[in-house]
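Next come the chains, spelled out residue by residue.
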Amino acid sequence: MNYNTQVLMSSLTRLGYRAADIYQAFRFAAVDQPSRPVRQVDAAAFLDGPASYRTAALGVVRTAANETVQQTVEATRSLGAPFLVVIEGDEASMWTYTASGVTQLDSTSASQWQTLLADHKKFGPGPIRQLKALQVREDVPTTGLLFDPRTLYGIQASTQLALDELLTQFLSHFDGARTTAGQLSLQTHYEVLFPLVFRLLAGKILIDRADNRVSTIDPDDPRQVAATVETLYSLSPQRLQWTKARVMQLSSAWLALREGLYVRNVAADDLAFVYENTLITPETRKAFGTHSTPYSVADYVIRSLRLPEGNAAAQLRVYEPFAGACVFLTAALRRFKELFPQSWTVGKVHEHLVSHFVASEIDPFACEIARLALILADYPNHNGWRITREDLFESNRLAGRVSQCDVLLCNPPFENLDEPIEGISVHKPVVLLDAVIKTPPAFVGVVMPSGFSTHKVYREHIRRICEIYADVEVMVLPEGVFRHASIGAEVLIAQSRRDNSIIGEGSSDDSTIRKSIVRRADWPRFTQTLQTSSSDVEQVNPRSSPGLVALRPLRRLWDCLAEFPILDNVVELHRGLEWKTAQRDASRSEASAGFRRGLHRRESLAQFEMKQATYIDTRPSNLRGGAIKYRWSSPKIICNAARTSRGPWRLAAVVDMDGLYVSQQFFGIWLRETAESPLSLVELCAVLNSPLANAFSFVHDEERRFRVEVMKRIPIPQVRISRELDSLVADYMAVCEEDDGPLFFSRPKSAADLLLEIDAMVLKAYDLPPKLERELLRFMNEGQRPSRAAFGGYLGTGRDDAAIPLHKRLVMCRTNIQASWRTLTEPFPKGVADVFGLA
Ligand SMILES: C[S@@+](CC[C@H](N)C(=O)[O-])C[C@H]1O[C@@H](n2cnc3c(N)ncnc32)[C@H](O)[C@@H]1O
């Protein structure tokens, strides 16, 4: 069927779309398919310009000859339009993308196709804008006939992957290992090559979008393309000697870029993302502490802020210090475009943005890239962006800048200052928080180092921030999400600033404190949906209860354990020996005079397991402090005194009956002679190795070395654990020893199974409410347990899983296994047996 162009246009304009935002024969890259083919729809209507998957609203398409309707709808997902009219033969149907896949909503005869779009309350720009806005802090629809806005994040992720590949391919032409003498190489010419990539990428966008500003240039000549972009955006020309070898090298690289991914439908702000992902050098990263904020995090922050709409939004001044490639500013740019009065023209929006969005950055190269990134993100507008190159720590410039903004968004460097500067903290994130507290902006979204919400360095800042702002969120991110950095981070989001930040005595002015966690396993989902793994909200009166308390992980668990006995009631705990001499001289592998068997290095211990004893120096003349006087030759527990990892698992304890001496890397723990403890050494050892004690230490002890006072406060069960525990621990130790032993020796239970049973037994003795136990185990599911047995986490701890205590769950598993086994060993039903000839 052929369309009447007039009807096509009028059907869409009648719904409220501007003629300039309706394209016929619109081409786009299907980024979610392996070869990213270019597809075409007969018409597409967009919410506003520039046309991209983010602004796409409606599509009208005829099925291709060899495709079913469903396949056409699937293949058109990357267009980004929530609704698609598909015409196949005599029939027309309306489709959307729900959480369960492509879904048909309606159908009619092909000649009546435009009636499918008659409902402007559903298909007009207003409702579609709302439909596409992904809400954070709310559950997204997972069923039904509703468009799933996560579709867009899926397209974004595929687009960014495709762009990354495209640029990597382009840059491979300049890889030092492949280049010959006289050619450009990334290693030596990155300062020219990276800005050149941006110019060429901008050129490609203009060409792919058939922008008439490039209609007269020769698209095969990369230098002409780059020069045109420079003129268009008033960029200073790049200076480089173009030898014949370099021209040829650039031409073949440009060919790969030009013919690679079709970027017509790519959202311009996705292009901004490529700087930190693909284009940052190891040198810059090291020198300036650059590690890029994932785009989804910037998006989450900006979408969590309850920013005003219309003219009120236009009053806000947005600032990104430590800007890098302006990840936050580009995310904010997109959000503000949604908030500004809809009557504003594209030109007016641009003029407003360049005067109200500013950034600072010390690295000149990053400044240039940031400017280019903003230009790309703000296509098709001109330059005008204000990225100031400056050292924000010099003369405490940062505080002055922060005092002038309403919305502060950033990811500062986390290191300490190289040299102390008078009047400011040596710790860079603290300098930023000091500035926020001094003159609080109305909205704050800042990335902080991991441990921010629990570390004592920040305690006073958090207390003040909870007083100043009535709505505070801390979102904890797992390690490894900042590309090129293994660190984790916590993001502070503060809003609802109180006019008078001093809260009066007895004030009932509560603050909403939200602690959200994104677990590593849920990270991919977060990047697609902006849904955190968990989010606990508390109303706290910052006067009577510091907001910090609400941020402490597993708060309800510690409340529940508040009346339990603690380790200090039943044991004496002391750090091991310290030496005046060099550490390396303090131990020997062979026995010698003055040396006794003992443990020197932390690695010599795993949970329930002594790995490697050595001989340590006990000669009084070499010792510092009085640790030698403790009862080392008596039975005791030895436990590490410094964390084994940054994650929640950190304690490894073992019972020592051999009278070992230990270094200060360990604690010696003896039953008090006076105390009437119901718990034996083995039981206490199991307590220390349990998820509960590890979580307690993680939450209460932020330093690398454990504090004795925190260790002493570990809650212990009120009752004996179980007589079976001794044999379980013995079995576990035996299985660990056999780990490297005979090949064919087999025991009924693996070390991992036994460890779970020990945990279950210890937890049973605490008798926690099942929901709290599930919360604890969920918390401890992450990280590296310091045990020989491979620890695979705890099953059944998802938020939707029934809260069943671990000991009961293990019994259920065992029963299931037994039941399956019984079924297997039962005789086959008659018919089946016949088939196998067994009857
Ligand atoms: C952790 S990175 C963050 C980059 C980017 N904002 C992001 O979120 O992806 C820190 C940035 O701060 C910049 N920076 C470091 N020291 C600075 C200083 N004294 N003044 C201004 N910027 C600085 C670095 O060049 C780097 O780009």
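For the chain, an unreviewed UniProt entry supplies the name site-specific DNA-methyltransferase (adenine-specific) and the organism Acidithiobacillus ferrivorans SS3. Looking at the Sequence similarities (unreviewed entry) heading of the UniProt record, one finds this comment for the chain: "Belongs to the N(4)/N(6)-methyltransferase family."

This next bit is on empty space enclosed by the protein. Counted under the stated rule, the structure contains three cavities of 30 Å³ or more. There is about 50 Å³ of room inside the largest cavity. P770, E773, R774, L777, L795, G796, T797, I804, P805, L806 and R809 together form the lining of the largest cavity. Of all the secondary structure elements, the ones that give two or more residues to the lining of the largest cavity are α29 (770-779) and α30 (806-825). A total of four residues in the lining of the largest cavity trace back to one element, the largest contributor, which is α29. Grouping the amino acids of the lining of the largest cavity by side-chain chemistry returns six nonpolar, two polar and three charged.

Next up on the list: the sheet that holds strand β10 (residues 407-410). Taken in spatial order, the nine strands make up an open sheet running β9-β8-β7-β10-β11-β13-β12-β14-β15, and their pairing is mixed. Each edge of the sheet is formed by a strand with only one pairing partner; in this case those strands are β9 (386-389) and β15 (534-540). Strand-to-strand, the axes of this sheet are offset by a mean angle of 20°, without reference to chain direction. In terms of strand pairing, strand β7 (residues 318-320) meets β10 through two bridges, oriented parallel. Counterpart to Y319 in the pairing with β10 is L408. Most of the contacts of helix α15 (residues 346-356) go to strand β8 (residues 357-361), to which it runs at about 40°, and overall it touches β7, β8 and β9. Across the sheet, helix α19 (residues 459-468) lies against β12 (469-477), β13 (489-497) and β14 (511-517), angled at about 135° from β12, the strand it touches most.

Glancing now at helix α25 (residues 691-700). Most of α25 is tucked away, with nine of its 10 residues classed as buried. For α25, the full list of buried residues reads P691, L692, A693, N694, A695, F696, S697, V699 and H700. Against the buried residues of α25 lie α22 (555-560), α24 (681-688), α26 (708-712), α28 (751-766) and α29.

For strand β27 (residues 666-671), the tally of buried residues reaches five of six residues, placing the bulk of the element in the interior. Across five bridges, the pairing between strand β16 (residues 571-575) and β27 is antiparallel. Within the sheet, the bridge partner assigned to V571 lies in β27 and is L671. Across four bridges, strand β24 (residues 636-640) lies against β27 in antiparallel orientation. Bridged to N640 within β27 is F666.

Cut-offs applied
- Residues numbered from 1 in each chain as written.
- Predicted model: local features only at pLDDT ≥ 70, side-chain atom pairs only at ≥ 80, totals over all residues.
- Heavy atoms only, no water.
- UniProt positions renumbered as here; feature names shortened; annotations may be inferred.
- 1 Å grid on protein atoms, 1.4 Å probe; cavity = no way out; pocket = protein on both sides within 12 Å on 5 of 7 lines; lining within 4 Å.
- Points joined across faces, edges and corners; volume = space filled by probe spheres on them.
- Helix = DSSP H or I, 4+ residues; strand = E, 2+ residues; numbered from the N terminus.
- Nonpolar A, V, L, I, M, F, W, Y, C, P; charged D, E, K, R; others polar.
- Pairing = 2+ DSSP bridges.
- Axes fitted to C-alpha atoms, helices over the stretch in contact; angles between N-to-C directions.
- Contact = heavy atoms within 4.5 Å.
- Buried < 20%, exposed > 50% of the residue type's maximum accessible area, 1.4 Å probe, protein only.

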